[in-house]
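# Understanding the architecture of this molecule
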Amino acid sequence: MTLVAVDHVQLAAPPGSEVALRAYYVDVLGMKEIAKPPALAARGGCWFRAGAVELHLGVEAGFRPARKAHPGLRVRNISAYAERLAARGAEVVWDDALPGHRRFYSEDPVGNRLEFLEPLA
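Overview of the structure. (Residues numbered from 1 in each chain as written. Predicted model: local features only at pLDDT ≥ 70, side-chain atom pairs only at ≥ 80, totals over all residues. Heavy atoms only, no water.)

### Concerning the sheet that holds strand β6 (residues 93–95)
- Read from one edge to the other, the open sheet built from 4 strands follows the order β5-β8-β7-β6, with strand pairing classed as mixed. If you trace the sheet from one side to the other, it starts and ends with β5 (72–74) and β6, each paired once. Taken over all neighbouring pairs, the strand axes of this sheet differ in orientation by 30 degrees on average, direction set aside.
- Sheet topology note: the strand β7 (residues 101–107)/strand β8 (residues 113–119) ladder contains 7 bridges and is antiparallel. Looking at β8, one finds that His101 is bridged to Pro119.
- Lying over the sheet, helix α3 (residues 78–87) contacts β6, β7 and β8, oriented at roughly 15 degrees with respect to β7. (Pairing = 2+ DSSP bridges. Helix = DSSP H or I, 4+ residues; strand = E, 2+ residues; numbered from the N terminus. Axes fitted to C-alpha atoms, helices over the stretch in contact; angles between N-to-C directions. Contact = heavy atoms within 4.5 Å.)

### Notes on the pattern of salt bridges
- Inspection of every chain in the model, using the stated rule, returns 4 salt bridges.
- Residue Arg22 is joined to Glu33 by a salt bridge in which the shortest nitrogen-to-oxygen separation is 2.8 Å. A residue pair is termed long-range when its members are at least 10 positions apart, and Arg22 in helix α1 (residues 18–28) and Glu33 in strand β2 (residues 32–34) qualify at 11 residues.
- For Arg22, a relative accessible area of 32% puts it in the partly exposed group.
- In this structure, the salt-bridge partner of Glu54 is Arg49, at a minimum N-O distance of 2.7 Å.
- Overall, the relative accessible area of 13% leaves Glu54 in the buried class.
- When its relative accessible area of 37% is taken as the criterion, Arg49 is described as partly exposed.
- One salt-bridge network, held together by shared partners, links Asp95, Arg103 and Glu115. (Salt bridge = Lys/Arg side-chain N within 4 Å of Asp/Glu carboxyl O. Buried < 20%, exposed > 50% of the residue type's maximum accessible area, 1.4 Å probe, protein only.)

Here's what the structure looks like:
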């Protein structure tokens, strides 16, 4: 018995934010929306995938974005990816405090913090 992988990461979002979430996760990050099972779709929110990365955005009444908690998303060609986000209006904040990596932070339209990183070698 052992853990083998992270299946997905769940982030919260306020009710009624699905249109803004789709615009960000699909148009800005380049992910694809995936269908939620019908029993879960009735709850609102939306799910996204890019390769093996799956993010679920669930609706939460009284939502407040976490100030520190975030998923760390590994990317290839981080400079080009940062340029993509910035060109689409997303803030990109570089941080060089993690040895052996280039990384930056950004926020989705509801304030969820996202870390993007790439190992140096």
